[in-house]
Every structure is written in structure tokens, then in C-alpha cells.
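Now for the letters of each chain:
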Amino acid sequence: MSIQTVFAVESSCDETSISIVQSETLDQHSSEQFPTRLRVLAHIVESQTSHLVFGGVVPEVAARDHLLKITPLAREALAQAQIRANEVDAVAVTLGPGLIGALMVGAMFAQGLAKALNKPLLGINHVDAHLSPALLLESFYPRTDLGEWLKVSPIKFPALALTVSGGHCHLSLLKSPRERTLLGHTADDACGEAFDKVAKLLGLPYPGGPHLETLAAKANKESNPFKFRSVLADKNNRHGFSYSGLKTQVLDTVRKQLGYPTGRIQGHSLPDDVKQNIAAAFQDAAIGQLMDRLNNALRDFPDIRTVVVAGGVAANSEFRRRLAEQTQIQFRFAPMSLCSDNATMIALHALIPHSTLASPHPFSRYTYGE
Ligand code: KG4
Ligand code: ZN
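Keep in mind it's a predicted model, so treat the numbers as computed, not measured.

Calculation notes
Residues numbered from 1 in each chain as written. Chains lettered and ligands numbered in written order. Predicted model: local features only at pLDDT ≥ 70, side-chain atom pairs only at ≥ 80, totals over all residues. Heavy atoms only, no water. Helix = DSSP H or I, 4+ residues; strand = E, 2+ residues; numbered from the N terminus. Buried < 20%, exposed > 50% of the residue type's maximum accessible area, 1.4 Å probe, protein only. Polar contact = N/O pair within 3.5 Å; in protein donor to acceptor, adjacent residues only side chain to side chain. Contact = heavy atoms within 4.5 Å. Near = heavy atom within 4 Å. Areas by Shrake-Rupley, 256 points an atom, 1.4 Å probe, with all protein chains shown as cover. Pairing = 2+ DSSP bridges. Right-handed = clockwise from strand over helix to strand, strands pointing away. Patch = residues over 30% accessible without salt bridge, like charges linked within 9 Å, V, L, I, M, F, W, Y side chains within 5 Å. Salt bridge = Lys/Arg side-chain N within 4 Å of Asp/Glu carboxyl O. Domains from an automatic or database assignment. Buried area = accessible area lost by both parts, 1.4 Å probe. Nonpolar A, V, L, I, M, F, W, Y, C, P; charged D, E, K, R; others polar.

**What to know about the side chain of His43**
Next, step 1: The residue His43 is located in strand β3 (residues 37-47) in this model.
Next, step 2: The buried category is assigned to His43, whose relative accessible area is 12%.
Next, step 3: At 2.6 Å, the side chain of His43 and the side chain of Thr344 are in polar contact.
Next, step 4: Leave out the neighbours within four places in its chain, and His43 touches Ile18, Ser19, Gln80, Phe140, Pro142, Leu146, Ser337, Leu338, Asn342 and Thr344.

Here it is as C-alpha cells:
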């Protein structure tokens, strides 16, 4: 039996996060084996609040905030895990995609730590890492599961994987945890970004996704006068996404309701029921597009055995409900606590042996110190 401990850093956007995760594999050749059990020793996620006044993430502010917090949070993580830094076997860090200044803070910190400890440094692709919790764990509740050994529950392959967050909307085919082929991505905005922009238009705080979901739940489902169209997939692009047109439809509708055809507008002055109905109609169209592309892929790849969904938007309960209605296929969501950005997913990805989920291969390209 072999135990590996990874110290992980995530700073690609507006969460400064540090995690320490252990994996247990059955024999000494742990680099070739899927872990059998996992133990999250530390899981610290600090969401930056300095962006709230701007209604969106300001890259320079994010980088400076990471710089202030990263060292104290790393100390806190070691204290939470009750281990010394030199007891870790490797340091893993998000290398991208993300905000360049924010990424650099995490990468420089992780590189410094790895050099000081003389341990390998593993560069991880953020989009791939979002999928790792769903590939390994059925659930993770930080309050009760921290420090506990959790049984790894592998999914059945081949799988379809949807990473849907504020920055990404990727549909991929997974032949195995090590082989990911991108089927389609967004041509413009990511789905979560559209949630955030529409939420802002309706006067909701950032990040808007969860607030918009709450507002939409209050809408009158039986007689919503609003309906938005999602871009239909065509035969040449059955798996790609686009959200900018949907966003414009919402903007035009809000303008019409306010009676302002041009200029800056704020939808917060609309009557509550109008805002609720617009939120629900937008959510319906946004989720409808995700469902449409998933169904296209399920038709195109009939041997798919599992659908994996991860990223911030995977926390949306209406989306989960609509997926659950599709009973003929097995779904695996990332645990709710690991949907939004966090370093535990970075550590988990580092612990998938010889992972080639990322393209280019993250270990061979970015591993130092071996
Ligand atoms: O994965 P994540 O933390 O960051 C990126 O990698 O982008 O995702 C954050 C995104 C935000 O756009 C946020 O509004 C959205 O996920 N989000 C939601 C929900 N919770 C978070 N969108 C819709 N419904 C939710 N419940
Ligand atoms: Zn993310």
C-alpha cells in the first residue's frame, strides 16, 4: 500500500484556495494505479469580496488579493492538516486557463514552495481539474469529511464530460480518465458568465448565478410571458455553445420593459414579478442549450455509459433536476462543495495517475524536480 500527499494551490480567478489531499493506492507502483481511497486533510477556499463593488472580477484586484492571502492560507492549511510542509510528496498548482496575474501569484508561490522543499511541482489544467472530483468521489462534505478516508468510486467509461462555469463551457468525450477529447466549446460567453451578466442586469449581486437561480424559483411557472430562444446546434456544430445572443435577447427585453431603447440601463427597478419571470425564462433557455448539446452527443456516441457534469453552473438545482429526468443514462455530478473553484480539485487531478486529461499533458510539460 502506498500513500501520496499533495499540497495544492488554486488562484486562477477570484478564489484563493489551498488544499492538502492524500491518496491511498494498493501497491508501491502508485504512479500507475487509480487511488482506492482519498483523504482531504485541508480544504480552504477564500472567495474574494473586493470585486463586489465592481459587479465583476477585476484582474489586477484579484492578483493583489491573492498575493495578500496566499501565505497565511497556506499556513492555515498546514495547521488544519496537522502536518509539516516537508511531509508532502508534491506541490500542485493551476497553470491555466485563468487570469494571468492571478495565476502567476499561485504559480510563483507553488514553485517557491516546491523548490524550498525539493519536491516535484505539478502544473494542472483548471478545466480538467474541475472534472476530477466527479471522476473520483460521489460526495464530499467539508464539515464532516475533512480528515476522513473516503472510498474512491470510479465512474463507467466511456463518459461525456461537461465543464460549465464562469469561464468555460466545454463538452468532452472521456475514453478513460486519461483520454479526453474536446467535442465542443463556447464560441463566445461561457454559460456561467451569461448567468452573471443577466443577474447584474436585473440588479443582483456578483456572482449572479446562485442569486438568479433563487429569483427564478419565485417565477410563475404556469404562465411566464417571457420566452428566450437558445442558439440551435447545426449539423456542422452539434456540440458547440453560444450565449451572447441569449444575453442580448434578455437585454432587449429589459430595455423594452423599462422603455429605454438605448443607453445604460439597470433592470433592478422592474417590478419583482417581471424580474422573476425574466430570470426563469433566461435560466430555462440557458439550461435548455446545455441539455440540447448533451443529447446531441448522446445520440452521436451511443456507447456512452456516464455523463459527468462539473464547474460552478453544475451547482444549479434546476439543471440537476432536468438532468435527473433523463433516467436512461447514469449521471455523476461533481460534489456540490467542489463545483466552484477550489484547490481540492487541483490535488485530486494531480492524484489521477499519469493523467493525460489535460492537453497538452500537464505532468510531462510542467513537472519539475523529478
Ligand atoms: O467554476 P467556477 O467557480 O469558476 C470558473 O471557473 O469560472 O464557476 C463560477 C460560475 C459563476 O459564473 C457563477 O455565477 C456560476 O458558476 N454559478 C451558478 C450557480 N452557482 C455558481 N450558475 C448558475 N446557478 C448556480 N446555482
Ligand atoms: Zn473554474
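Text resumes after the structure shown.
**Structural notes on the site of ligand 1**
Next, step 1: Contacts to ligand 1 come from 19 residues, most closely from Gly166, Gly167, Asp196, Glu213 and Asp341.
Next, step 2: Note that a nitrogen atom of ligand 1 is positioned 2.7 Å from one of the side-chain N or O atoms of Glu213.
Next, step 3: Asp341 is positioned such that a nitrogen or oxygen atom in its backbone is 2.9 Å from an oxygen atom of ligand 1.
Next, step 4: Within the complex, 90% of the 550 Å² of free accessible area of ligand 1 lies under protein.

**Some details on the environment of Asn342**
Next, step 1: Residue placement: Asn342 occurs in the loop between β11 (330-333) and α10 (343-351).
Next, step 2: You can call Asn342 buried: its relative accessible area is 0%.
Next, step 3: Sequence separation of Asn342 and Asn296 is 46 residues, and the distance between their C-alpha atoms is 30 Å.
Next, step 4: Residues within four places of Asn342 in sequence aside, it is in contact with Glu10, Ser17, His43 and Val45.
Next, step 5: Within the structure, Asn342 has its side chain in polar contact with the backbone oxygen of Leu338 (distance 3.3 Å).
Next, step 6: A polar atom in the side chain of Asn342 sits 3.1 Å from the backbone nitrogen of Thr344.

**Comments concerning the pairing of strand β5 (residues 121-125)**
Regular strands place side chains that alternate from one sheet face to the opposite one.
Next, step 1: With respect to burial, β5 is a largely interior element, 5 of its 5 residues being buried.
Next, step 2: Judged by which residues are buried, β5 turns out to be covered on both faces: Leu121, Gly123 and Asn125 on one side and Leu122 and Ile124 on the other are all buried.
Next, step 3: When strand β4 (residues 90-96) meets β5, the two strands line up parallel, connected through 5 bridges. Within the sheet, the bridge partner assigned to Val91 lies in β5 and is Leu121.
Next, step 4: Following the chain from β4 across helix α2 (residues 100-117) to the adjacent parallel β5, one finds a crossover that is right-handed.

**Points about a nonpolar patch on the surface**
Next, step 1: A cluster of nonpolar side chains, Ile100, Met104 and Met108, forms an exposed patch at the surface whose accessible area comes to about 340 Å².
Next, step 2: Structurally, Met104 is set in helix α2.

**Examining the domain arrangement of the protein**
Next, step 1: Taken as a whole, the protein is organised into domain 1 (2-130 + 339-366) and domain 2 (159-336).
Next, step 2: If you look at the interface, domain 1 gives 20 residues, while domain 2 gives 19 residues.
Next, step 3: For the pair domain 1 and domain 2, the summed buried surface comes to about 1600 Å²; carbon and sulfur atoms form 58% of the total.
Next, step 4: Looking at the side of domain 1 that touches domain 2 residue by residue, the class counts come to 10 nonpolar, 7 polar and 3 charged.

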